[in-house]
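Read off the chains here:
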Amino acid sequence: MDQHFSRSEMLPPLAPPITERGAVKWMRENLFSSPLNAILTLLGLAAIYALVAASLPWWLNSVWNAESLGQCRAIVAETAGEGATGACWAMIRERWHQFLFGFYPPDQWWRPILALGLLFVALAPVLFAGQKRNMAFLLGGIAVYLVVTLTLAETPAAAFALAVALVLGLTALSQVQPGRLLWFTAIYPALCFWLLWGGTVWAPIVAMAGFVLLYLVFRFAAPVIGLTPAAGAGIVAAVLWWLYLQGPVSGLLQGALPFGLRAINSDLFGGFLLAIVIGVTGIAFSLPIGILLALGRQSDMLIVKTLSVGFIEFVRGVPLITLLFTASLLLQYFLPPGTNFDIILRVIILVTFFAAAYLAEVIRGGLAALPRGQYEAADALGLDYWRAQRLIILPQALKVSIPAIVSTFIGLFKDTTLVAFVGLMDPLKGVTQIVRADIDWKGIYWEPYIFVGAIFFIICFGMSRYSMYLEKKLKTDHR
Amino acid sequence: MAMATDVPKDSFRLSMLVYDTRYRSYTIQIVVLLLFAMAVAWLLNNTAQNLAARGKEFNFAFLWQRAGYDIGQQLIPYTNDSTHFRALLVGLINTLVVAFWGCIFATILGVIVGVLRLSHNWLISRMMTVYVETFRNIPLLLWILLSYVILSETTPQPRDFRVTDEMAAAGEAPAASMIFFDTVAVTNRGTNVPAPLFERGLGSVDLGFVTLNLTLLAALAVVAGSFWVNHRLVAAARAQQEATGVRPATWWKSILILFGPFIALMAALGFHLEVPELKGFNFTGGILVAHSFTALLIALTLYTAAFIAEIVRAGIQAISRGQSEAAFALGLRPNRTTRLIILPQALRVIIPPLISQYLNLTKNTSLGIAVSYLDLRGTLGGISLNQTGRELECMLLMMLIYLTISLIISAAMNLYNRSVQLKAR
Amino acid sequence: GTLDDVKARGELICGSNTGLTGFGAPDASGNWTGFDVDLCRAIAAAVLGDPTKVKFLPTTGETRFTALQSGEVDVLVRNSTWSFSRDSELALDFVAVNYYDGQGFMVKKDLGVSSAKELDGATVCIQTGTTTELNLADFFKQNNISYQPVTVADDSEAQRQYLAGACDAYTTDASGLAASRATMPDADTHIILPEIISKEPLGPAVRHGDNQWGDVVRWTFFALLVAEEKGVTSANVEEVATSTTDEEVKRLLGVSGEMGAKMGLDNDAFKRAIAAVGNYGEVYARNIGEGTTINLARGLNALWTQGGLQYAPPFR
Amino acid sequence: MAEAAKMQVSDEVAIQITGMNKWYGQFHVLRDINMTVMRGERIVICGPSGSGKSTLIRCINRLEEHQQGQIIVDGTELTNDLKNIDKVRSEVGMVFQHFNLFPHLTILENLTLAPIWVRKVPKKEAEETAMYFLSKVKIPEQAHKYPGQLSGGQQQRVAIARSLCMKPRIMLFDEPTSALDPEMIKEVLDTMIQLAQEGMTMLCVTHEMGFAQAVANRVIFMDQGQIVEQNAPKEFFSNPQSERTKLFLSQILGH
Amino acid sequence: MAEAAKMQVSDEVAIQITGMNKWYGQFHVLRDINMTVMRGERIVICGPSGSGKSTLIRCINRLEEHQQGQIIVDGTELTNDLKNIDKVRSEVGMVFQHFNLFPHLTILENLTLAPIWVRKVPKKEAEETAMYFLSKVKIPEQAHKYPGQLSGGQQQRVAIARSLCMKPRIMLFDEPTSALDPEMIKEVLDTMIQLAQEGMTMLCVTHEMGFAQAVANRVIFMDQGQIVEQNAPKEFFSNPQSERTKLFLSQILGH
Ligand SMILES: Nc1ncnc2c1ncn2[C@@H]1O[C@H](COP(=O)(O)OP(=O)(O)OP(=O)(O)O)[C@@H](O)[C@H]1O
Ligand SMILES: Nc1ncnc2c1ncn2[C@@H]1O[C@H](COP(=O)(O)OP(=O)(O)OP(=O)(O)O)[C@@H](O)[C@H]1O
Ligand SMILES: [Mg+2]
Ligand SMILES: [Mg+2]
């Protein structure tokens, strides 16, 4: 059969029929598309109703001003009648600072605040390599945050001026030479340590000098004795510096040019300050270890591989809590008699090992995702193993691993709450326990958990969204 | 064809240790091994010195001393006269029980949520998203503490169940009553559920270190047998389908085979339930499921299910739409498509991350410490450690046990994974 | 030794409770107060001359002895019971008893129980990691009755459970019970049962083998006792030091003799301790005595002269 | 030979589409489609990307729902009635651009799955049919391999065989060769030509104009969701009527 | 012009392979390979898939280790000595089938990386050299883009430029055009021809017979791990000696 047909006039697009438009269609398609779906919808609505009906009065009857739980209850009973329940946010009002800072002295709060702001400055070049616009937004945001919070925290004028000048300077730098911002990232750990714990400014500077020494030794020895021995020599020199010269030199400098902040003991750290300190240092220090472990696990040298696998599997095989108990109970056994250091530091060390094992697996995934051609091209160009790793392999492997690294960090950050079990004051259990041990607030339980939970949610959810965004961006990158 | 061995042409020079590809890796490995051995020696030496300084020695003899404390939840016989080792076993079993039920419930809930998240029902999929995001982004510890608090604060005290004489006279109902036809009582101490009892139980045999409960064994044997017969039934049905193309309906036979013998056995053994009763301070009779257990289980389930839901969702989404379209185009109905095409493929994607969630859940049972659930960490790593002061031994032993559990689970995972790997060019 | 370490450090590290009302707990601004805390402050005053030079390291029931053994803390003042096995196996030395206690039970009045022996089948709340759980097991076994233990991690949680009715009885040291009861909304509805099922001598502990440091802690404590015995208080210590004629008081306050110096301390070390926290009676009265919310009578902890057990060897 | 194939058109209607419209949300993808396919006809559909070709043929076995108008396949009208849909789907075979073989089943299992579960054919018989069609597409020796182990061209031939095992009366092809490497296109086209010669009713979305000229009775050109032109292949290529068709042909033939 | 290029062969030996054998486990991939390449020579290697062509040229810069025999590149014997390997690798450039550019670096960074880190050339100088070679492969304007933003042909030209930046004395090519779309093959071949005309010593695995005829001094045919035939291109194509060569030529020229 022959059908000749040729259209001369094209048909214009029409609007869909009425049954295909508007709220009716939407409801039909999205809520009541089948009997099963209709039932599910009704069940869902019922569940939401039950939840709201049960909790709404409690939220509505919130009390913001009271001195104790008893007072709160009295106020609720007075305003909403006997038997009514109500939230007692007055507790948060009175104790919020402990949830955030622990026992950190109030007149020094500006230090952790500043450290947090600078953390993001330090992260900026890592998060937005080369994207000046994004960096400007971030740094601007940080500047605003700092101005507001530092003012609220009654920062000493000099510190305030210095901090703002520093951030503005770095913002300017980020626009001119974004790469240079990485130097700030490099010195940030020392700066952060000094801000949080205080003491003489020379201690962290002299400690950083160890790294400079390492680099110098490496730099000048490498042409003479080769890369690997030079790296070894550098490490030895740095360790010697830290062990034997660090103390005297910083003492000397402090004597000559005394400058420092009030020293704050670790036992005053608590709440989210503690959680963030442990989480961030844990992940930062675990990154290099994790990379080494991942390379070790990929290595074709049997012993190196076995040791890496053994370490990774061991750490991943036991609960974090046992590692924390190790920090508090066992670490002392393994160190020379008489060594003693801060429980926070010990916890950080173990948390670092823990995160390193997880990161090693994450990075291994990134390494495995690289095509062999990249290794071969590097070889063919004459790059040696370490240069190939540093210049070609790791930058790519780390980039694809960023989302997974972020989720490891989220997990780790949530797990910092477990330090409560070794007597540290984490926001969830440690601080809440202190608050609930207070006669005034004995018997309160919903409010602190909701408050702390909400903060955790905001932080973790924010990070997970960011990592999703990154994942999407990395997928379409350069394409 | 034999591999040719190349005789080095020039004699050995020391620099070859570093520059010759053949020796270089040996050099590195030996250096690494030496460093490692030194580190281990250093640690051991320190430990020995520290032990000596504290006047302790490293041995596990304390495990056979009297423990002296009581444990709330014990699934094997234990009294305070038992040894620390026995306490360890009780704790280990408690750990495994929470882990086991946690994995099961979390899987069920996780699969449901994961599937519902993909549902076309806007409301339901949003609700599931909220659930998943809430639980994933808030520490597990909070969920454990919270569910414990809710359980113990919102449930009535045992005495609220009591009907006093005056109340009976006045015809008043007690403040609280039991549920499920007066068989289950939920108090603020725990949940009292009926206990299975047998009039004509088979007793048990003592094999020295374990006692075997013959009634339980018989029940297990019957169940296993029924499953085997059912398996044969299904196989026969499949054979018939292969032969004639028509698959006979087997569901009612299956039900009969699966439940019939079991019910018969129960009847033969004189099965009845011992319903908990309020006596003295507490409900007696039946089984008391402590809230520490329930809270831990609920929190672990809800938390892990959120992760499993994501895994399931990703697993299903990983199967391209083309697969179900191809099945539809062949005329397969949606439920068959799911069973024959989607599930087998999704499982391959789902299982490995699922197992790692099981591992996490198992490790997370150690957070039972927050509600004083006496698991392995609570007995061996808690009270025993405390009463004997043997932290080194207790901690090492505990890590070893956790490690063993983890390794067993991941070994099973690798076996499974290898068996379902898709064949490709 | 530890003494030199403390002096070199300029700070005393004191192992404390994570929070036990009246004995040792941080307040809203992070200052530690309490009966045990004051002993630490007295030691710091004696050794370093400044009662604020103390760092308190909260320890749980599980971590406390390890913290002491490993040198993480210099002295553990954390209502720990002095027992044979702790003294022998754990390589610690208890140096004194600053509080004589015993384990008791608290129940709600309307439970209708008047003796612990009637607790057959009861649910009992108990803190883990203490001697109390061993005593409890022993007690019920001796009396051939059964119980259901509910172990909890700390005092405030135990109280919450007890108040919510999750357990019929709460057992811990009688002082703790009294302290808890005092803070309960309607204290009258709870009674502490008459049975005291154990001896619980609580006291400061130091590492085994460091006798010099042990002496410092022990005699700082005794100095507070002697001060009470002799009527020396924080208010009148300066005045007494100049005016006293009692030779023992003179030695105590460093006016005569070389008591402090013999310990490796300053001669007026004990005077500073008393000036800082007051004598034993003052410490007691301020933190846990009658009139405070804890409201504990002196009982066994009265001075020997008043029929109690607190007795300091002579200061000579 | 190709000409011979074109003879076999009967006067029985296989597919009848009248006044069919379809929207994706607000977007009008198919506009007033009217077409009739006779049994034994072989129709090639072409047109620029996004013109709605795939959507059209997916409507024919109800992988997509249409909102207006009528589609009657083999005498059965496609409505929301599940039975009708099942009936149509078991009559109509479809071959996809990306093969969509089931990777967890062997080739043989891929082929026997639908006959066993939908047609309730005994397994043995299903396997025999499967082997017959596998020989027909010239890869009987691969029966026990998995799809992942085959080349793209082989996979597409398996996909065709899989559809044939259901003994369909109509076959739909959605760009069956566009995901293939050039060497493999020929083997798939050969299979399709062979099928055409056996008189199968075929609707084929493709840009292989050689194929269209060789076997099609009719070429349909679509643009913007509408049928712009249809004609016998010879006239279609030699003498396109509409401007759009001309432009399109110049683009794909030019290169 | 092509003929002119062929003149520039010197009598200095660039690569000398004698009695070389290689196994992958039990599998004997390269069997008794003997060949000499003079400085300035351009050699094309062809042969069926799996015949060991890639393996052979990968042995020349030690991406693969050989087990027997001798390979001397530019006077340096390839042994296990890392120093020799480094030396050879910096003398020998290699271009891969799949380009293997570093996707996280810009084109310019791709080109300057090795000169800076291996040759220790100052950055500025390295960039000048890079721009010079980029102009040579006709894409200086792409210097600041990332590889992913370039077409396949452009990427391959960048890969060639990247090798050239190391100022190699020998260039190896492993099927440089086989991953490219047909339109792009020409631009890459043009670049290679230009290189040949400048007198670079080249070993090229390729099936582009036009290229072989235009620039090669010699064509080597491999099969089953051995050199089956070698000859000047004219004779090789017009008058193949061995049966296998004939078969192979008929296949690739026929299609
Ligand atoms: N599920 C969908 N939802 C919304 N729009 C869709 C959907 N599927 C297809 N479209 C749109 O409908 C139009 C027609 O799509 P269709 O796949 O039928 O085009 P096509 O002619 O097959 O194109 P191609 O040659 O690229 O396969 C396109 O604009 C497409 O973007
Ligand atoms: N790493 C390896 N391990 C084992 N066998 C290998 C390895 N690499 C290559 N082979 C085998 O060695 C033989 C030669 O491979 P080679 O890649 O050199 O062939 P080719 O001539 O380049 O083929 P093509 O034209 O497909 O690139 C092939 O049979 C291949 O399967
Ligand atoms: Mg399409
Ligand atoms: Mg090759």
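Definitions and limits used
- Residues numbered from 1 in each chain as written.
- Chains lettered and ligands numbered in written order.
- Predicted model: local features only at pLDDT ≥ 70, side-chain atom pairs only at ≥ 80, totals over all residues.
- Heavy atoms only, no water.
- Contact = heavy atoms within 4.5 Å.
- Near = heavy atom within 4 Å.
- Polar contact = N/O pair within 3.5 Å; in protein donor to acceptor, adjacent residues only side chain to side chain.
- Areas by Shrake-Rupley, 256 points an atom, 1.4 Å probe, with all protein chains shown as cover.
- Helix = DSSP H or I, 4+ residues; strand = E, 2+ residues; numbered from the N terminus.
- Domains from an automatic or database assignment.
- Buried area = accessible area lost by both parts, 1.4 Å probe.
- Salt bridge = Lys/Arg side-chain N within 4 Å of Asp/Glu carboxyl O.
- Nonpolar A, V, L, I, M, F, W, Y, C, P; charged D, E, K, R; others polar.
- Phe/Tyr/Trp six-rings, centres within 6.5 Å; stacked < 30°, edge-to-face > 60°.
- Buried < 20%, exposed > 50% of the residue type's maximum accessible area, 1.4 Å probe, protein only.

> Lay out the arrangement of the chains in plain terms, naming residues and giving numbers.
The interface with the highest contact count, out of seven pairs of chains in contact, is the one between chains A and B. Where chain C comes nearest to chain D, the C-alpha atoms are still 52 Å apart, and the two do not contact one another. The closest approach of any C-alpha atom in chain D to one in chain E is 10 Å; the two make no contact.

> Please give an account of the site of ligand 1 that cites residues and values.
Residues and elements named next belong to chain D. Contacts to ligand 1 come from Tyr24, Phe27, Val29, Pro48, Ser49, Gly50, Ser51, Gly52, Lys53, Ser54, Thr55 and Glu175. A distance of 2.4 Å separates an oxygen atom of ligand 1 from a polar side-chain atom of Thr55. In isolation ligand 1 offers 630 Å² of accessible surface; the protein chains occlude 59% of this area. Those elements giving two or more residues to the shell around ligand 1 turn out to be strand S2 (27–38) and helix H2 (53–60). The greatest single-element share of the shell around ligand 1, amounting to three residues, is contributed by H2.

> So what's going on with the domain arrangement of chain B? Residues and values would help.
All names here are of chain B. Domain boundaries in chain B define domain 1 (65–194 + 275–420) and domain 2 (195–274). Between the C-alpha centres of domain 1 and domain 2 there is a distance of 26 Å. Taken residue by residue, the interface counts eight residues in domain 1 and five residues in domain 2. At the boundary of domain 1 with domain 2, total buried surface from both sides reaches about 440 Å², with 55% on carbon and sulfur atoms. Scanning the region where domain 1 abuts domain 2 turns up zero salt bridges.

> Tell me about the environment of Arg41 of chain C, and name the residues and values.
Residues and elements named next belong to chain C. With respect to the helices and strands, Arg41 occurs in helix H2 (residues 35–48). Distance from Arg41 to Cys14, taken between C-alpha atoms, is 9.1 Å for residues 27 residues apart in sequence. Ignoring anything within four residues of it in the chain, the contact list for Arg41 reads Trp32, Pro51, Thr52, Val54, Phe56 and Val277.

> Lay out the interface of chain C and chain B with the relevant residues and their values.
Each side of the interface is counted separately: chain C has 40 residues, and chain B has 34 residues. Carbon and sulfur atoms make up 43% of the surface buried where chain C meets chain B, a total of about 2800 Å² over both sides. Linking chain C with chain B are two salt bridges. At the surface where chain C touches chain B, the tally comes to five residue pairs in polar contact (both at pLDDT 80 or more). Of the residues belonging to the side of chain C that touches chain B, the class tally is 15 nonpolar, 13 polar and twelve charged.

> Describe the site of ligand 2, with residues and values.
Residue and element names in this part refer to chain E. Every residue near ligand 2 is listed here: Tyr24, Phe27, Val29, Pro48, Ser49, Gly50, Ser51, Gly52, Lys53, Ser54, Thr55 and Glu175. Notes on ligand 2: free accessible area 640 Å², of which the protein chains cover 58%. Mapped onto the shell around ligand 2, the elements with two or more residues apiece are strand S2 (27–38) and helix H2 (53–60). When residues of the shell around ligand 2 are assigned to their parent elements, the largest contribution, three residues, is made by H2.

> Can you explain the interface of chain B and chain A? Please cite residues and give values.
Contacts between the two partners involve 55 residues from chain B and, on the opposite side, 52 residues from chain A. At the surface where chain B touches chain A, the tally comes to one salt bridge. Linking chain B with chain A are 16 residue pairs in polar contact (both at pLDDT 80 or more). When contributions to the side of chain B that touches chain A are tallied by element, the ones reaching two or more residues are helix H2 (21–53), helix H4 (122–136), helix H5 (140–154), helix H9 (291–318), helix H11 (334–364), helix H12 (376–388) and helix H13 (391–420) of chain B. If one sorts the elements of the side of chain B that touches chain A by residue count, H2 of chain B sits on top with 13 residues.

> Let's hear about the packing of aromatic side chains: which residues, and what values?
Each aromatic ring pair is summarised here by two numbers: the centre-to-centre distance and the angle between the ring planes. Residues and elements named next belong to chain A. Tallied over the full model, the rule gives 57 aromatic pairs over all chains. Each ring, one from Tyr104 and one from Phe269, has its centre 5.4 Å from the other, and the planes form 80 degrees; the classification is edge-to-face. Of the two residues, Tyr104 is situated in the loop between helix H4 (90–101) and helix H5 (110–127) and Phe269 in the loop between strand S3 (260–261) and helix H11 (271–298); the sequence distance between them amounts to 165 residues. Per residue, the accessibility class of Tyr104 equals that of Phe269, and both read buried.

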